[in-house]
Amino acid sequence: MRRALQLARLGRGSVSPNPMVGAVIVADGRIIGEGFHRRFGEGHAEVNAVASVSEADSRLLPESTIYVTLEPCSHYGKTPPCSKLIIDRKIPRVVIGSLDPFKEVSGRGIRMLRDTGCEVVTGVLEEECKALNAVFMTAHTRQRPYIIMKWAESSDHFVDRVRSADETAEAFSTPKTLMLSHKLRTEVDAIMVGAHTVRMDNPSLTARHWSGRQPLRVVVSSRGEFSGRNYRVLSDGQPTLLMLAEPLQNVEKNVEIEIIADLAHPIQSICSQLYMRGVTSLLVEGGPRLQQQFLDAGLWDEIRVEQSSRRLGEGVKAVDIPQGRVWDEVVDGNRIVHIYRQD
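Presented here is an overview of the structure given in this document. Note that the coordinates shown come from a computational prediction; the quantities given were computed from them, not determined experimentally.

Scoring rules and cut-offs
Residues numbered from 1 in each chain as written. Predicted model: local features only at pLDDT ≥ 70, side-chain atom pairs only at ≥ 80, totals over all residues. Heavy atoms only, no water. Pairing = 2+ DSSP bridges. Helix = DSSP H or I, 4+ residues; strand = E, 2+ residues; numbered from the N terminus. Axes fitted to C-alpha atoms, helices over the stretch in contact; angles between N-to-C directions. Salt bridge = Lys/Arg side-chain N within 4 Å of Asp/Glu carboxyl O. Buried < 20%, exposed > 50% of the residue type's maximum accessible area, 1.4 Å probe, protein only. Polar contact = N/O pair within 3.5 Å; in protein donor to acceptor, adjacent residues only side chain to side chain. Contact = heavy atoms within 4.5 Å. Arc of directions from axis to C-beta. Core = buried A, V, L, I, M, F, W, Y, C linked by side-chain atoms within 4.5 Å.

## Some thoughts on the sheet that holds strand S11 (residues 255-259)
Reading across the sheet, the nine strands line up as S11-S10-S9-S8-S12-S6-S13-S16-S15 and stay open at both edges, with mixed pairing between neighbours. Because the sheet does not close on itself, it has two edges, and the strands there are S11 and strand S15 (325-331). On average, each strand axis in the sheet is inclined to that of its neighbour by 20°, with strand direction left out of account. Of the pairings in the sheet, the one linking strand S8 (residues 190-194) to strand S9 (residues 216-221) comprises five bridges and is parallel in character. Within S9, the residue paired with Ala190 across the bridge is Leu216.

Encoded structure:
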């Protein structure tokens, strides 16, 4: 199962909204096949593991065990059910790390296997398997995206100077930490900022320093006013979603408008609407006002704070870090603090 977990991680950033899954087939005291879910819409881990078995070893499948990090699917989606494949290939024993919370699977894959005589063992390295797919688990148990908040700050907890939009923002990241931030962007479905951040910083919100997919850019605004400047998120051709309290006319072709359905609880409504669009992971990059709204609503799962040794003395204060499970690391002289929600 540990080998299956290693394999599953290779799909990070390529399989969303599906989970990362690894599979290992063992027979005659050795691994005869292994695979992982490589890309959304393509073969699942079990399919790739079976396909990797050599012709000479295929005779061993009826006496083999397949180890899978997540319950095999039982429904027809973009690919046929993996439970049916296991049954058709006469694999008699299935060891599963964690159950699938997705309502189309959720125990059905196990029942399908057991109903045809397969021996099924569950809960092997279960916590590790769940942690691997915290995004998928959160999305399908809480019906909202897995929410990561991220910012960089000075040593005295300011994110910027007080300045005009014509002045350059303070930069606390190093070339290496900036690269890691862009890597994170390729691993999420969507990246969000408030309209004030767009007006002040004119960000691109793209992954330019790491190879991978581009996240959907989401801009939240209570007024929907974007005039007097050529904002990159509205004019560079990359997809952008504006979530507004009121309609906005004459937008570019790459920009989609969605009205916030419940203005009494806007952050909850935004998260619910994004989930309905298939967004399972959301990176909230700024600014502090928007981030505080997420914290006040109790809607966060992970926080990453990059702390520079530079001191500003005054400026725009960062939000206070909530309590949670914490670990930190030092990268290029900057301290990166990771906080994980514990409930």
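## Comments concerning the pattern of salt bridges
For the coordinates displayed, the defined rule picks out 24 salt bridges. In this structure, Arg142 engages Asp343 in a salt bridge whose closest nitrogen and oxygen atoms are separated by 3.6 Å. Linking Arg142 in helix H6 (residues 134-142) with Asp343 in the segment after strand S16 (334-340), this pair joins segments that are 201 residues apart in sequence. When its relative accessible area of 63% is taken as the criterion, Asp343 is described as exposed. For the salt bridge of Asp201 with Arg163, the shortest nitrogen-to-oxygen distance reads 2.4 Å. Placement of Asp201 in helix H8 (residues 195-201) and of Arg163 in the loop between strand S7 (158-160) and helix H7 (175-186) is noted, with a sequence separation of 38 residues between them. For Asp201, a relative accessible area of 37% gives the class partly exposed. A cluster of three or more residues bridged by salt bridges with shared partners is formed by Arg142, Arg341 and Asp343.

## What about the side chain of His338?
Mapped onto the elements of the fold, His338 is located in strand S16. Within the structure, His338 has its side chain in polar contact with the side chain of Glu329 (distance 2.9 Å). Among residues more than four places away in sequence, those in contact with His338 are Ile303, Arg304, Arg325, Val326, Trp327 and Glu329.

## What about helix H1 (residues 2-9)?
Of the positions making up H1, those classed as buried are Ala4, Leu5, Leu7 and Ala8. The buried residues of H1 occupy one face: seen down the axis, they fall within an arc of 160°.

## Considering the sheet that holds strand S3 (residues 65-70)
Across the sheet, which stays open at both edges, the five strands sit in the order S2-S1-S3-S4-S5 with mixed pairing between neighbours. This sheet does not close on itself; its edge strands, each paired only once, are strand S2 (30-36) and strand S5 (119-121). For this sheet, the mean inter-axis angle between neighbouring strands, taken without regard to orientation, is 20°. Two strands pair when backbone bridges link them, and S3 and strand S4 (residues 93-98) are joined in this way by five bridges, in the parallel orientation. Each residue of the ladder has a partner; that of Thr65, found in S4, is Arg93. In this fold H1 packs onto strand S1 (22-27), S2 and S3, with an angle of close to 145° to the strand it touches most, S1.

## Digging into the nonpolar core
Formed by 29 residues in total, the largest nonpolar core has its most connected members in Met149, Trp151, Met192, Ile270, Leu274, Phe294 and Ile303. Sort the elements by how many residues they give to this core and helix H10 (residues 266-276) lands first, with four residues. Beyond its immediate sequence surroundings of up to four residues, Trp151 is in contact with Val159, Gln291, Ile303, Arg304, Val305, Glu306, Ala318, Val319 and Ile321.

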